[in-house]
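Below, each chain spelled out in residue letters.
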Amino acid sequence: MTFEIWLMFSAAAFLNIISPGPAIILAISNGVSSSAKAVFASSIGNIVGLLVLSTVSMFGLGLLLQTSAVLFTVLKFIGAGYLIYLGIKKFRSTDTFFTDDTLAPVEQVQYTKKFKEALLVAVTNPKATLFFIAFFPIFMDTSAPALPQFTIMTITFMSISFLSLMTYGLIAKAARHWFKNQSIVKAFHRVTGGIFMGFGVALLQVRN
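Residues numbered from 1 in each chain as written. Predicted model: local features only at pLDDT ≥ 70, side-chain atom pairs only at ≥ 80, totals over all residues. Heavy atoms only, no water.

**Regarding the side chain of asparagine 30**
Next up, step 1: Take asparagine 30: it is sitting in helix H2 (residues 22-33).
Next up, step 2: With residues up to four places along the chain from it excluded, the contact list for asparagine 30 reads Ser35, Ala38, Val39, Ser42, Lys114 and Glu117. (Helix = DSSP H or I, 4+ residues; strand = E, 2+ residues; numbered from the N terminus. Contact = heavy atoms within 4.5 Å.)

**Quick notes on the layout of surface pockets**
Next up, step 1: Quantified by volume, the largest pocket comes out at close to 700 Å³.
Next up, step 2: Lining the largest pocket we find 25 residues, and of these Asn16, Gly21, Pro22, Asn125 and Ala128 sit closest to its centre.
Next up, step 3: Secondary-structure elements contributing two or more residues to the lining of the largest pocket are helix H1 (3-17), H2, helix H3 (36-58), helix H6 (111-123), helix H7 (126-135), helix H8 (146-174) and helix H9 (182-204).
Next up, step 4: For the lining of the largest pocket, the residue count by class is 17 nonpolar, seven polar and one charged. (1 Å grid on protein atoms, 1.4 Å probe; cavity = no way out; pocket = protein on both sides within 12 Å on 5 of 7 lines; lining within 4 Å. Points joined across faces, edges and corners; volume = space filled by probe spheres on them. Nonpolar A, V, L, I, M, F, W, Y, C, P; charged D, E, K, R; others polar.)

**As for the packing of aromatic side chains**
Next up, step 1: Tallying each qualifying case throughout the model produces two aromatic pairs.
Next up, step 2: Relative to phenylalanine 162, the ring of phenylalanine 40 has its centre 5.8 Å away and its plane inclined at 90°; by these criteria the two rings are edge-to-face. Placement of the pair is phenylalanine 40 in helix H3 and phenylalanine 162 in helix H8, with a sequence separation of 122 residues.
Next up, step 3: The class of phenylalanine 40 is partly exposed, set by a relative accessible area of 43%. (Phe/Tyr/Trp six-rings, centres within 6.5 Å; stacked < 30°, edge-to-face > 60°. Buried < 20%, exposed > 50% of the residue type's maximum accessible area, 1.4 Å probe, protein only.)

**Here we look at the side chain of threonine 154**
Next up, step 1: By secondary structure assignment, the location of threonine 154 is in helix H8.
Next up, step 2: Classification of threonine 154 by relative accessible area gives buried; the value is 5%.

**Some thoughts on empty space enclosed by the protein**
Next up, step 1: Enumeration over the complete set of coordinates arrives at one cavity of 30 Å³ or more.
Next up, step 2: In this structure, the largest cavity encloses a volume near 40 Å³.
Next up, step 3: If you trace the largest cavity, you find it lined by Ala23, Leu26, Ala27, Val39, Ser42, Ser43, Asn46, Ala118, Val121 and Leu165.
Next up, step 4: Counting residues per element, the ones that place at least two in the lining of the largest cavity are H2, H3 and H6.
Next up, step 5: When grouped by side-chain class, the residues that make up the lining of the largest cavity number seven nonpolar, three polar and no charged.

Structural data, given as structure tokens:
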């Protein structure tokens, strides 16, 4: 892979990654409701999920997903179900983000839970696997070994994803002072929950 091709790939990946999706909404939600550490844990969970999907695609399982309507449907329902579950959970959330007496951020966060949440969002989305097997080959040199190229693109994709999620999450964290009004907090939970449920419903409409 030449440097010019890598730059083209990076630019295309960047445009795809910064488009709002479940991972970005989750990062924003964690930034507002938790802390920078929670955003970091969630971002790590997401890129580990991307690594899993890339590995799956590299070993040809992505092609099986692309050709097997049954497998695709099963994973689609699992992914959609998890997004809808996450949406309902956030929609019904009563988290206040701040303690009642000092208005200080509530820091009792289970970072492992944030990691697993983001990991599941990534790996249960069959569209992401199909993206890897459809998008990566466009930029690969067929006359050169595939594994080094796939590795470079995966690391690049993971790095851009991590930086994107951290940026969204930290910007959201910086704006958390807007949420001292509990009616705004409640509306935030309703909106983010509704968006997650919307992503889940949209995933159900995807055809193999």
